[in-house]
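Working through the structure, step by step
One letter stands for each residue in the lines below.
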Amino acid sequence: MAEGGIDALIDKNRRSPNLKNRVDESIERAVKAYAVEWPAHGQHRTSNELRKQGVFVSGSGVRSIWLRHDLENFKKRLKALEAKVAAEGLILNDAQIAALEKKQHDDEACGEIETAHPGYLGSQDTFYVGNLKGVGRIYQQTYVDTYSKVAHCKLYTTKTPITAADVLNDKVLPFYEANALPVLRILTDRGTEYCGKVEQHDYQLYLAINDIDHTKTKARHPQTNGICERFHKTILQEFYQITFRKKLYSDLDELQKDLDEWLVYYNNDRTHQGKMCNGRTPMDTLLDGKQIWAQKNLNQI
C-alpha cells in the first residue's frame, strides 16, 4: 500500500485473454451461422458437419464460441433463431420447424405455457372435492382459460370420459360461442377420463367432433397443468373450506348452485395477478383479449 498506493490492492492474478489463441473470425462466423440454422445439433455434431464444409474446429472450440455469443444450449439457440426470423422474415427449413415445434411441446410439458388469446388454450383437470353424506364421492371437472383465467366447473359423482366431455358441452363451449371466441386446444393430464383410443373414448371423440386439439402433460409432472392446480388451491381455500363450515349439504344440486355463485364472483369481481390479467378480473381480461382474436381473424382473411 505504501509503495503501490490503491492500485496495489487490485487483484491482478487474472490474465487478460490471449486473442491469438482464439479461432479465426471466419470460423467463428460459420459456427454462429450453423448454430442458428441447425439449433438442435450439439457441439460435436456441429464440429463434424462443419468439417465437411472445410471449416475445422473442435467440439470444445464450438462450445467456446457458443459461450461467447450466448448460444451454449438448445433453448438459447432457438431464441436466436426466433429473433432472426422475426428480424429478417426467413423461410424456415424442415429441421428448424421441427426444433421450434419440439421446444413448444417441451415447454408445455414442463409447465411453460404459451397462450395468444382467449380460447387459444384451455386447461382441464379433475379435482376431488370430498365425500358428501348420502351422495358419496364428489369430483369437480375444472376448465380454466390459460389466457384470461376465466374458470368453469361442474360437480359429478364419478370421473369418467363422459363427465369430462359433459362440462365442455354444458358450460365451456356455449360460453365461448356466446362470446364469439373459439376453443382451439385443451391441455389435460394423462388420466383415463381424458386419454384413450379415439374411436372408443367419449372425451376424445367429443374433441374430434368439435375440432379441438388435445395436448397431454408430461407423465409424473403435475406442475405442467399448473394453472388448474393453482385454481384448485384457490377454490379450496376461498370456497370449499368456508362453505362446508357454514352449511350442511344434502344433495349435489345445492352445492353446485353455491359453486356457480362463487364462480360468478371469481370471474367477474375478483382481481387476478396472473401474467395476462395484471390486476384485472378474468372477464375483463377475456373481453380485452377478444380484440386480439378479432385482429388475428382479420389478418387471416
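Use the structure listed above.
Check the secondary structure of the protein chain and you find 10 helices and five strands. Among the 301 residues that make up the protein chain, the fraction classed as buried is 43%. For the protein chain, restricting intrachain contacts to residue pairs at least 6 apart in sequence, the fraction spanning at least 24 positions comes to 59%. Summing over all exposed atoms, the protein chain offers an accessible surface of approximately 17500 Å²; the carbon and sulfur share of this is 51%.

Moving on, we get to the side chain of threonine 281. By the element assignment, threonine 281 lies in the loop between helix H9 (252-268) and helix H10 (282-300). Setting aside chain neighbours within four positions, we find threonine 281 in contact with Asn267, Asn268, Asp269, Arg270 and Thr271.

Moving on, we come to a nonpolar patch on the surface. Together, Val198, Leu205 and Ile209 make up a nonpolar patch on the protein surface, roughly 280 Å² of accessible area in all. In this structure valine 198 comes out as partly exposed when scored by relative accessible area, which is 41%.

This paragraph deals with the pattern of salt bridges. Taken as a whole and judged by the stated rule, the model has 13 salt bridges. With its nearest N and O atoms 2.9 Å apart, the salt bridge here joins lysine 76 to aspartate 70. Aspartate 288 serves as the salt-bridge partner of arginine 280, at 2.6 Å between the closest nitrogen and oxygen. The class of arginine 280 is partly exposed, set by a relative accessible area of 28%. On the basis of relative accessibility, which here comes to 37%, the residue aspartate 288 falls in the partly exposed class.

This part takes up helix H7 (residues 202-209). Every α-helical turn comprises 3.6 residues, leaving residues that sit three or four positions apart pointing alike. Those residues of H7 that fall on the buried side of the exposure criterion are Tyr203, Gln204, Tyr206 and Leu207. All buried residues of H7 project into a common sector of 160° when viewed along the axis, lining one side. The elements touched by buried residues of H7 are strand E1 (122-132), helix H6 (161-178), strand E4 (185-188) and strand E5 (213-216). Note on H7: the residue one or two positions beyond its end, aspartate 211, has a positive phi of about 55°.

This paragraph deals with the pairing of E4. Burial of the side chains of E4 extends over both faces: Arg185 and Leu187 are buried on one face and Ile186 and Thr188 on the other. With two bridges joining them, E1 and E4 adopt parallel strand pairing. The residue of E4 that forms the bridge with glycine 122 is isoleucine 186. Taken together, the four bridges between E4 and E5 define a ladder with parallel strand orientation. Considered in E5, the bridge of arginine 185 is made with aspartate 213. At this point the chain moves from E4, through H7, to the parallel E5, and the crossover so formed is right-handed.

Moving on, we come to the nonpolar core. If you look at the biggest cluster of nonpolar residues, it comprises 23 residues, and the most contacted ones within it are Tyr143, Leu168, Tyr176, Val183, Ile186, Tyr203 and Leu286. At the level of secondary structure, the elements contributing two or more residues to this core comprise H6, H7 and H10. By residue number, the principal contributor to this core is H6, which donates eight residues. Setting aside residues up to four positions removed in sequence, leucine 168 forms contacts with Gln124, Tyr143, Leu173, Pro174, Ile186, Tyr203, Tyr206 and Leu207. Counting 21 residues, the second largest nonpolar core, distinct from the first, contains Val129, Cys228, Tyr249 and Leu263.

In this section: the environment of tryptophan 293. Checked against the element boundaries, tryptophan 293 lands in helix H10. Spatially, the C-alpha atom of tryptophan 293 lies 9.0 Å from that of tyrosine 120, the residues being 173 residues apart in sequence. Excluding residues that lie within four positions of it along the chain, tryptophan 293 makes contacts with His117, Ala180, Leu181 and Pro182.

Here we take up the environment of glutamine 124. Take glutamine 124: it is sitting in strand E1. When the C-alpha positions of glutamine 124 and valine 144 are compared, they lie 6.5 Å apart, and in sequence the two are 20 residues distant. Within the local environment of glutamine 124, its side chain forms a polar contact with the side chain of tyrosine 203, the two groups lying 2.7 Å apart.

What follows deals with the packing of aromatic side chains. Inspection of the entire model under this criterion finds 13 aromatic pairs. Geometrically, the ring pair formed by phenylalanine 127 and tyrosine 240 is tilted, given 6.2 Å between the ring centres and 35° between the ring planes. Pair noted here: phenylalanine 127 is in strand E1 and tyrosine 240 is in helix H8 (residues 226-246), with a separation of 113 residues, a long-range link. On the basis of relative accessible area, phenylalanine 127 is assigned to the buried category, the value being 14%. With centroids separated by 6.3 Å and ring planes inclined at 50°, the aromatic side chains of phenylalanine 231 and tryptophan 262 adopt a geometry described as tilted. Of this pair, phenylalanine 231 sits in helix H8 while tryptophan 262 sits in helix H9, placing them 31 residues apart in sequence. Among the residues examined, tryptophan 262 registers a relative accessible area of 9% and is labelled buried. Of the aromatic side chains, those joined through ring pairs into one cluster are Phe127, Phe231, Phe239, Tyr240, Phe244, Tyr249, Trp262 and Tyr266. Above the ring of tryptophan 66, the side-chain terminus of arginine 77 is found at 4.1 Å from the ring centroid.

Rules used throughout
Residues numbered from 1 in each chain as written. Predicted model: local features only at pLDDT ≥ 70, side-chain atom pairs only at ≥ 80, totals over all residues. Heavy atoms only, no water. Helix = DSSP H or I, 4+ residues; strand = E, 2+ residues; numbered from the N terminus. Buried < 20%, exposed > 50% of the residue type's maximum accessible area, 1.4 Å probe, protein only. Contact = heavy atoms within 4.5 Å. Areas by Shrake-Rupley, 256 points an atom, 1.4 Å probe, with all protein chains shown as cover. Patch = residues over 30% accessible without salt bridge, like charges linked within 9 Å, V, L, I, M, F, W, Y side chains within 5 Å. Salt bridge = Lys/Arg side-chain N within 4 Å of Asp/Glu carboxyl O. Arc of directions from axis to C-beta. Pairing = 2+ DSSP bridges. Right-handed = clockwise from strand over helix to strand, strands pointing away. Core = buried A, V, L, I, M, F, W, Y, C linked by side-chain atoms within 4.5 Å. Polar contact = N/O pair within 3.5 Å; in protein donor to acceptor, adjacent residues only side chain to side chain. Phe/Tyr/Trp six-rings, centres within 6.5 Å; stacked < 30°, edge-to-face > 60°. Lys NZ or Arg CZ within 6 Å of the ring centre and 35° of its normal.

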